[in-house]
Amino acid sequence: MGLVDRIASLGRSAIDMVAGLGRAGLMLWGAVFRVPRIRKGTPLLVKQIYVVGVQSMVIVLVSGLFIGMVLALQGYTILVDFGTEESLGPMVALSLLRELGPVVTALLFAGRAGSALTAEIGLMKSTEQLSSLEMMAIDPLRQVIAPRFWAGVISMPLLALMFTAVGIFGGHLVGVEWKGIDHGSFWSILQASVEWRQDIVNCLIKSTAFAVVVTWIALYRGYQVIPNPEGISRATTQTVVQSSLAVLALDFLLTAIMFG
Amino acid sequence: MTQHSTPLVEVRNLGFRRGSRVIYDDISLTIPRGKVTAIMGPSGIGKTTLLKLIGGQLVPDSGEVLFDGQNVHSASRSQLFEMRKRMSMLFQSGALFTDMNVFDNVAFALREHTQLSEEIIRTLVLMKLEAVGLRGAADLVPNELSGGMQRRAALARAIALEPEMVMYDEPFAGQDPISMGVLVKLIRELSHALNLTSVVVSHDVAEVMSIADYVYVIAEKQVIARGTPDELRGATDNAQLMQFLQGEPDGPVPFHFPAKDFSEELANGAG
């Protein structure tokens, strides 16, 4: 392969990438920026919130509990050397609210719900169900993509809050119940150091941003799937890989803006 | 001029390519109202593509498709959706919604596009299911149906909104003789009873010739023959058509995929 060919193929893949971004943008535009249909849209949305959100609760809650406990245990062994084990509460709570809550929830969500969304939409496409909606004069973006997108965006911040709450409870279990930190000081220092705007609102902003990115990638990968078994397996893998990387990169960016 | 003398669908000088592969090169055909028009041709020449072009799901590179005098591809999205309410398509796979039972599948378009009460919808759905013989299967989900039954359920869904035109994509492919017979009977009877315009895309010669009023045979990006089934059977001078109708393995359409000379390739095998 000559140099010119290599440059050409580089250019081609760049064009493909930009075209893909454009298509993904158009899909989101077509799904989201429409006048909502309250009567017909609500049941679809509720069903998807159940599938995407409620069914992800178990993995999110269990992970939150363990991560909170591990965080507290690790934190305690470090803090106790300096005699500052009373600060375990804020350490656990702030780590969870600012970083681990939104990020780990988003990663779990990508693996649990994102891949399922991609596979579902991909199979709907390869069994011509999306085409069939089109031919019935029903916009699949509206009927299929929009409810799933909004379900993801609504569910993920709530899941992140649950993750954080359970994580703090896990920290309490290890710190107070096991290691014997004073119950009152654990909670009062925690309460004094968590700020509404700085910590909780930022947690929700981060989590919403991750929700948009993960759900968008999952839906787009499904929507653009090559309709065969290999295509679907590739698409689900791409969903998990790309949304995980996107979440981590976006997290750095948001952290730099919020706390930098 | 009465409305009924103009064709429902007119395809004019249509050109379409996928990547660098030309699927259609300047193809024209008309689909008259209230008749069964068949489009036949070997597998893989894009007959389904033609239906998707007529339905406005794909956009041609050149030429135009008129549905009742209206250009399908220059219409706005809402105009296109209005046209699609008047046409419907039976997909090869049936394409039933797998998360709903048969009843809800058939009721789907009625619930989306009409303001009818649930009671009237129930009556309409049961009528459609009765017509295809699946009233007893209303509560089953698509996975519980056989392939032939899925296609019949999809047919009930396709006629739910009482469209003017139904496009059948390979309705007979992969069916056993009994369900094939059932589908032939259904297509013929529904077309007459509902005064439907039917477009049947297929390569099952015998079944198509038995129900079609008019047949187009497509091969090599072109219409190679057109006429009533009797006219086609009589066109013995058209070698390409005869090969297709009689199913001969070799002829104008070669048995071999284009390749290098066989003895040359064997001789050069080592190098």
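These numbers come from a predicted model, not from an experiment.

**Observations regarding the overall build of chain B**
- Secondary structure assignment for chain B yields 10 helices and 10 strands.
- By the compact-globule yardstick of 18 Å for 271 residues, chain B fits well, its C-alpha radius of gyration being 21 Å.
- Its C-alpha atoms give chain B principal-axis dimensions of roughly 75 × 45 × 40 Å.
- Out of the 271 residues in chain B, the part that is buried amounts to 47%.
- Long-range pairs, those at least 24 residues apart, make up 62% of the contacts in chain B between residues at least 6 apart in sequence.
- Of the roughly 13100 Å² that chain B leaves accessible, carbon and sulfur atoms contribute 51%.
- Measuring between centres, the 25 positive side-chain charges of chain B sit 4 Å from its 33 negative side-chain charges.

**So, the sheet that holds strand β7 (residues 165–169) of chain B**
Residues and elements named next belong to chain B.
- One open sheet accounts for 6 strands, arranged β6-β7-β8-β3-β9-β10; its pairing is mixed. The sheet is open, and its two edges are formed by β6 (87–90) and β10 (222–227), each paired on a single side. Here the average twist between neighbouring strands, direction ignored, is 15°.
- Bridge count between strand β9 (residues 214–219) and β10: 5 bridges; the pairing is antiparallel. Bridge pairing in β10 links Val215 to Gly227.
- The strands touched by helix α1 (residues 47–54) within the sheet are β3 (36–40), β6, β7, β8 (197–202) and β9, with β7 carrying the most contacts at an inclination of about 155°.
- Contacting β6 and β7, helix α2 (residues 77–86) runs over the sheet at an angle of about 65° to β6.

**Quick word on the UniProt feature "transmembrane region" (unreviewed entry) in chain A**
Residue and element names in this part refer to chain A.
- Look at the UniProt record and you will see "transmembrane region" (unreviewed entry) annotated at residues 20–37, 49–73, 149–169, 200–220 and 240–259.
- Overall, residues 20–37 shows 72% helix and 0% strand. The separation of its end C-alpha atoms is 29 Å.
- Measuring from the first to the last C-alpha atom of residues 49–73 gives 34 Å, for a span that is 88% helix and 0% strand.

**Regarding the sheet that holds strand β2 (residues 21–31) of chain B**
Residue and element names in this part refer to chain B.
- Within the open sheet, the 4 strands sit side by side as β2-β1-β4-β5. Their pairing is antiparallel. Looking at the sheet topology across the chains shown, the edges are occupied by β2 and β5 (70–71).
- With 5 bridges connecting them, strand β1 (residues 9–18) and strand β4 (residues 62–67) associate as antiparallel partners. Each residue of the ladder has a partner; that of Gly15, found in β4, is Ser62.

**Comments concerning the interface of chain B and chain A**
- Taken together, the contacts link 25 residues of chain B with 17 residues of chain A.
- Together chain B and chain A conceal approximately 1900 Å² of surface at their shared face, both sides included; 51% is due to carbon and sulfur atoms.
- Here chain B is connected to chain A by 4 salt bridges.
- The partner of A:Lys47 in a salt bridge is B:Asp99, with the nearest N and O atoms 3.6 Å apart.
- Our count for the chain B to chain A interface comes out at 11 residue pairs in polar contact (both at pLDDT 80 or more).
- Sorting the residues of the side of chain B that touches chain A by element identifies α2, β6 and α3 (102–113) of chain B as the ones contributing at least two each.
- Counting residues per element, the side of chain B that touches chain A draws most heavily on α3(B), at 5 residues.

**What about the pattern of salt bridges?**
- Tallied over the full model, the rule gives 21 salt bridges over all chains.
- B:Lys85 is the salt-bridge partner of B:Glu82, the closest N and O atoms lying 3.1 Å from each other. With a gap of 3 residues between them, B:Glu82 and B:Lys85 both fall in helix α2, about one helical turn apart.
- Residue B:Glu82 is classed as partly exposed on the basis of its relative accessible area of 45%.
- Since its relative accessible area comes to 28%, B:Lys85 is described here as partly exposed.
- With a closest N to O distance of 2.6 Å, B:Arg86 and B:Glu164 form a salt bridge. Here B:Arg86, found in helix α2, pairs with B:Glu164, found in the loop between α5 (147–158) and β7; they are 78 residues apart in sequence, far enough to count as distant.
- Overall, the relative accessible area of 25% leaves B:Arg86 in the partly exposed class.
- What makes B:Glu164 partly exposed here is its relative accessible area of 30%.
- Connected via shared salt-bridge partners are A:Glu134, A:Asp139, B:Arg77 and B:Arg84.

Conventions and cut-offs
Residues numbered from 1 in each chain as written. Chains lettered and ligands numbered in written order. Predicted model: local features only at pLDDT ≥ 70, side-chain atom pairs only at ≥ 80, totals over all residues. Heavy atoms only, no water. Helix = DSSP H or I, 4+ residues; strand = E, 2+ residues; numbered from the N terminus. Rg over C-alpha atoms; globule rule 2.2 N^0.38 Å. Buried < 20%, exposed > 50% of the residue type's maximum accessible area, 1.4 Å probe, protein only. Contact = heavy atoms within 4.5 Å. Areas by Shrake-Rupley, 256 points an atom, 1.4 Å probe, with all protein chains shown as cover. Lys, Arg positive; Asp, Glu negative; His and termini not counted. Charge placed at Lys NZ, Arg CZ, Asp CG, Glu CD. Pairing = 2+ DSSP bridges. Axes fitted to C-alpha atoms, helices over the stretch in contact; angles between N-to-C directions. UniProt positions renumbered as here; feature names shortened; annotations may be inferred. Buried area = accessible area lost by both parts, 1.4 Å probe. Salt bridge = Lys/Arg side-chain N within 4 Å of Asp/Glu carboxyl O. Polar contact = N/O pair within 3.5 Å; in protein donor to acceptor, adjacent residues only side chain to side chain.

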